[in-house]
Amino acid sequence: PLMIMMFFGVVELSMALSCRADVSVMASTAADLISQESVATNTDLANVYAAAGTILYPYYDPSVTGAPEPTIRITSVIYDTTTNSTTAGKISWTCAQAGSGTLTPASRAIGDTVTLPQALLTSGGSVIIAEVAYNYASPTTQIISGPINMTNNFWTKPRRVPQITAPTSCT
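Calculation rules
- Residues numbered from 1 in each chain as written.
- Predicted model: local features only at pLDDT ≥ 70, side-chain atom pairs only at ≥ 80, totals over all residues.
- Heavy atoms only, no water.
- Helix = DSSP H or I, 4+ residues; strand = E, 2+ residues; numbered from the N terminus.
- Buried < 20%, exposed > 50% of the residue type's maximum accessible area, 1.4 Å probe, protein only.
- Contact = heavy atoms within 4.5 Å.
- Lys, Arg positive; Asp, Glu negative; His and termini not counted.
- Charge placed at Lys NZ, Arg CZ, Asp CG, Glu CD.
- Pairing = 2+ DSSP bridges.
- Axes fitted to C-alpha atoms, helices over the stretch in contact; angles between N-to-C directions.

S.K.: Explain the overall build of the chain to me, please; I cannot follow it from the model alone.
M.R.: Check the secondary structure of the chain and you find two helices and five strands. Helices and strands in the chain line up, N terminus first, as α-α-β-β-β-β-β. Overall, the C-alpha framework of the chain stretches about 65 × 30 × 25 Å when taken along its three principal axes. By the burial criterion, 38% of the 171 residues in the chain qualify as buried. Relative to all contacts within the chain whose residues are 6 or more apart in sequence, the contacts with residues 24 or more apart total 74%. Distance between charge centroids for the chain: 10 Å, based on 7 positive and 10 negative side chains.

S.K.: Would you mind showing me how to read the sheet that holds strand E2 (residues 88-97) here?
M.R.: Where strands meet in a sheet, backbone hydrogen bonds hold them as pairs that are either parallel or antiparallel. A sheet is described by the order of its strands in space; here five strands give the open sequence E3-E2-E1-E4-E5, paired in antiparallel fashion. This sheet does not close on itself; its edge strands, each paired only once, are strand E3 (113-115) and strand E5 (148-156). Sheet twist, expressed as the average angle between the axes of neighbouring strands with direction ignored, equals 35 degrees. In terms of strand pairing, E2 meets E3 through three bridges, oriented antiparallel. What sits directly across from Lys-90, in E3, is Thr-113. Sitting on the sheet, helix H1 (residues 2-35) is in contact with strand E1 (71-79), E2, strand E4 (126-136) and E5, with an inclination near 30 degrees to E5. Against the sheet, helix H2 (residues 42-55) makes contact with E1 and E2, and its axis sits at roughly 130 degrees relative to E1, the strand it touches most.

S.K.: Looking at this structure, how should I read unusual backbone geometry?
M.R.: Cis rather than trans, the peptide bond between Tyr-57 and Pro-58 has omega equal to 15 degrees. Following the sequence through the fold, Pro-58 ends up in the loop between H2 and E1. Despite not being glycine, Asn-84 shows a phi value in the positive range, around 55 degrees. On the accessibility criterion, Asn-84 (48% relative accessible area) is partly exposed.

S.K.: How should I be thinking about the side chain of Ser-76 in this particular structure?
M.R.: Within the secondary structure, Ser-76 sits in strand E1. Note on Ser-76: relative accessible area 0%, which makes it buried. Once you skip the residues sitting within four places of it in the chain, Ser-76 turns out to touch Lys-90, Ile-91, Ser-92, Trp-93, Ser-126, Val-127 and Ile-128.

S.K.: Please clarify how the pairing of E4 should be interpreted in this entry.
M.R.: A regular strand places its side chains so that they alternate between the two faces of the sheet. Counting buried positions along E4 yields 10 of 11 residues, so the element is predominantly enclosed. Strand direction decides the pairing type here: E1 and E4, joined by eight bridges, are antiparallel. Bridged to Ile-78 within E4 is Ser-126. Here E4 runs beside E5; their pairing, made up of nine bridges, is antiparallel. Counterpart to Ile-129 in the pairing with E5 is Trp-155.

So this is what it looks like as structure tokens:
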């Protein structure tokens, strides 16, 4: 019994660590894809959400009804001319795909101040933040019995323009 429990523990832990790595890749992929745009459209965002979601396969399969979806939020933070700070800016736009994961903070609003981990902002510039959260549930549930909220954030600068134009609406 002890060896069987250890076996399930190793299998579940390795699967959880693999899922955690995929959540990190999702955040960097979402930020990278949006940072290549000059104007973020609703179609672009839908494509980014879909592309990022495929990274989580087999943990998340969109073809399975009721499968827990990843929460993905993409935010554009612009340089704040009132503070001239390179580490804190104002939210220009933010769009999210609701899912099972919990992001912190739970929501972001246009005009809110965001503090960045290092000096990323320049005068007239912006930073794209991609935040991903996913509730991982072990398929065997022998050792890990409840869901684990896995999160990751990724920051990048737009590649083609100083500030990416906001989509017409967010889904």
